[in-house]
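# Analysis of the macromolecular model
Residues per chain are reported as follows:
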Amino acid sequence: MHNKVTVVGAGFVGATTAQRIVEKSLADVALIDVVDGLAAGKALDIMESSPIEGFTCKICGGTDYKLSEKSDIVIITAGVARKPGMSRDDLQAINARIVTEIVENIKEFSPDSILIMVTNPLDVMSYLAYKVSGTPSHKVMGMAGVLDSARYRYFLSEALCLAPDQVQAMILGGHGDTMVPLPRFSTASGRPILELLDQTQIEAVNERAKKGGAEIVGLLKTGSAFYAPSSSVVDMVKSILLDEARVMPCCAYLQGEYGIDDLYCGVPVELGKNGIKKIIQLDLDKKEKEDLLNSCSKVRENIRKLSY
Ligand code: TXD
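Residues numbered from 1 in each chain as written. Predicted model: local features only at pLDDT ≥ 70, side-chain atom pairs only at ≥ 80, totals over all residues. Heavy atoms only, no water.

### Observations regarding the overall build of the protein chain
Across its full length, the protein chain holds 11 helices and 14 strands. A compact globule built from 308 residues should have a C-alpha radius of gyration of about 19 Å, and the protein chain, at 19 Å, falls within 12% of that. The C-alpha extent of the protein chain, read off along each of the three principal axes, is 55 × 45 × 40 Å. Looking at the protein chain as a whole, 49% of its 308 residues qualify as buried. Long-range pairs, those at least 24 residues apart, make up 67% of the contacts in the protein chain between residues at least 6 apart in sequence. Surface accessibility of the protein chain: about 14,500 Å² in total, with carbon and sulfur atoms responsible for 52%. (Helix = DSSP H or I, 4+ residues; strand = E, 2+ residues; numbered from the N terminus. Rg over C-alpha atoms; globule rule 2.2 N^0.38 Å. Buried < 20%, exposed > 50% of the residue type's maximum accessible area, 1.4 Å probe, protein only. Contact = heavy atoms within 4.5 Å. Areas by Shrake-Rupley, 256 points an atom, 1.4 Å probe, with all protein chains shown as cover.)

Structure follows, in structure tokens:
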């Protein structure tokens, strides 16, 4: 029997995530969206590619949460984008209402599933999903670090003229302007980045990675990135479903790790079949630690604005 993943939100990130999951034969997918016909139409369209792409996993789509019954993993990508005149706080309040309603529906049909949040503001929505669901924290996480780090790895590989998969690198902290690239923990073909690039080059790559999301928004004009975000969440799904226990930067609930308590933010975790097996505590230096705490304090300010 196939594993089952529900993707809520059949927009750019959600539909591409569903497509990647079945094309990689990882699981059957239930795709859910509030807009009538959207998830059903996209699910049918993807299924019609199955004879050509050669996958046997199935996607069904609709508005009814019954479709999501007994999912192993639920990915939440639903939300609204910021519109002109809407503040970040307005956006947070609207998406918080949407996420709360979705989590309540999910709990009814898949009480034991692992939850992966994608909706922005990511760290705040992950915290909210944890509090509303009552699910143990090792089964509620957010996707941002894999994406931010993939961007960082790609930009480093360009600077070094190397294949992207030769670069290992990590970005921690909140998913926003204060995220923390860690060049000291980054390598290319096994060699430390700090030996391969000078400080000015590293600074330039750090800055580009931190603004990676905005760069895409600027080019697209409407909408935001979805190819790399969907790849990133599917990589987390793979590590969970295949119990690979790979270490990836994910938005996780901290209870004292890195000196931070009762907060969701990006840290390296080991991801396996029960979700987060372990939070890895890197030996950060003074500046790295300060940057991480600064990033977390921004997340905490926004969490304080939540009512749940
Ligand atoms: O790194 C990351 N975490 C991110 C996050 C990377 C990229 C995108 N990031 C965020 O994901 C983005 O800021 C948004 O908050 C979400 C989804 O982005 P996407 O680009 O897929 O947005 P769309 O295309 O607008 O899709 C959102 C869908 C749309 O089809 C709505 O109809 C649906 O969400 N929606 C709902 N579905 C179910 N239930 C409810 N209530 C609902 N409300 C809206």
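### Remarks on the domain arrangement of the protein chain
Taken as a whole, the protein chain is organised into domain 1 (4–143) and domain 2 (145–303). A straight line from the C-alpha centre of domain 1 to that of domain 2 covers 22 Å. Taken together, the 33 residues of domain 1 in the interface contact 36 residues of domain 2. Between domain 1 and domain 2, the buried area comes to about 2,900 Å², and carbon and sulfur atoms account for 72% of it. Of all residues in domain 1, the largest losses of buried area upon contact with domain 2 belong to Asp123, Tyr127 and Met143, amounting jointly to 24% of the total for that side. At the boundary of domain 1 and domain 2, one finds 1 salt bridge. When the shortest N-O distance is used, the salt bridge between Asp262 and Lys131 registers 3.5 Å. For the side of domain 1 that touches domain 2, the element with the most residues is helix α5 (residues 122–133), which contributes 7 residues. Here the side of domain 1 that touches domain 2 is built from residues that sort into 18 nonpolar, 8 polar and 7 charged. (Domains from an automatic or database assignment. Buried area = accessible area lost by both parts, 1.4 Å probe. Salt bridge = Lys/Arg side-chain N within 4 Å of Asp/Glu carboxyl O. Nonpolar A, V, L, I, M, F, W, Y, C, P; charged D, E, K, R; others polar.)

### Quick look at the pattern of salt bridges
For the structure shown, the criterion picks out 17 salt bridges. Put simply, Arg246 and Asp235 hold a salt bridge, and the shortest N to O gap is 3.0 Å. In this pair, Arg246 is assigned in strand β12 (residues 246–255) and Asp235 in helix α10 (residues 227–241), connecting sequence segments 11 residues apart. Its relative accessible area of 28% is what places Arg246 among the partly exposed residues. When the shortest N-O distance is used, the salt bridge between Lys278 and Glu270 registers 3.8 Å. Taking relative accessible area as the criterion, Glu270 reaches 17% and is therefore assigned buried. Through salt bridges with shared partners, one network takes in Asp235, Lys238, Glu244 and Arg246.

### Side note on helix α8 (residues 199–210)
A rise of 1.5 Å per residue sets the reference length of α8, with its 12 residues, at 16 Å; its end C-alpha atoms lie 16 Å apart and thus fit the reference within 8%. Where α8 is concerned, the buried positions are Ile202, Val205, Asn206 and Ala209. An end-on view of α8 places all buried positions within 105° of arc, on one side of the element. The inward-facing, buried residues of α8 abut α6 (145–160), β8 (171–172), β9 (180–181), α7 (193–196) and α9 (212–220). Two or three places before Thr200, at the opening of α8, Asp198 has a side-chain oxygen 3.1 Å from that residue's backbone nitrogen. (Expected span 1.5 Å × (residues − 1). Arc of directions from axis to C-beta. Polar contact = N/O pair within 3.5 Å; in protein donor to acceptor, adjacent residues only side chain to side chain.)

### As for the packing of helix α1 (residues 12–23) against α10
Two elements in contact, α1 and α10, have axes separated by 9 Å at closest approach and are oriented at 50°. In terms of axis orientation, α1 runs oblique to α10. The crossing of α1 and α10 is right-handed. Here Val13, Thr16, Thr17, Arg20 and Ile21 of α1 come into contact with α10, specifically with Tyr227, Pro229, Ser230, Ser231, Val233 and Val234. Of the residues in the contact of α1 with α10, the class split is 6 nonpolar, 4 polar and 1 charged. (Axes fitted to C-alpha atoms, helices over the stretch in contact; angles between N-to-C directions. Parallel < 35°, antiparallel > 145°, perpendicular 65-115°, else oblique. Left-handed = near helix turned anticlockwise from the far one by under 90°.)

### Points about unusual backbone geometry
Residue Pro121 is reached from Asn120 by a cis peptide bond, and omega for that bond is -5°. Summarising the element assignment, Pro121 is placed in the loop between β5 (114–117) and α5. Even without being glycine, Lys70 reaches a positive phi, approximately 60°. Structurally, the position occupied by Lys70 is in the loop between β3 (59–62) and β4 (73–76). Backbone geometry places Ser189, a non-glycine residue, at a positive phi of 45°. By the secondary structure assignment, Ser189 is in the loop between β10 (187–188) and β11 (191–192).

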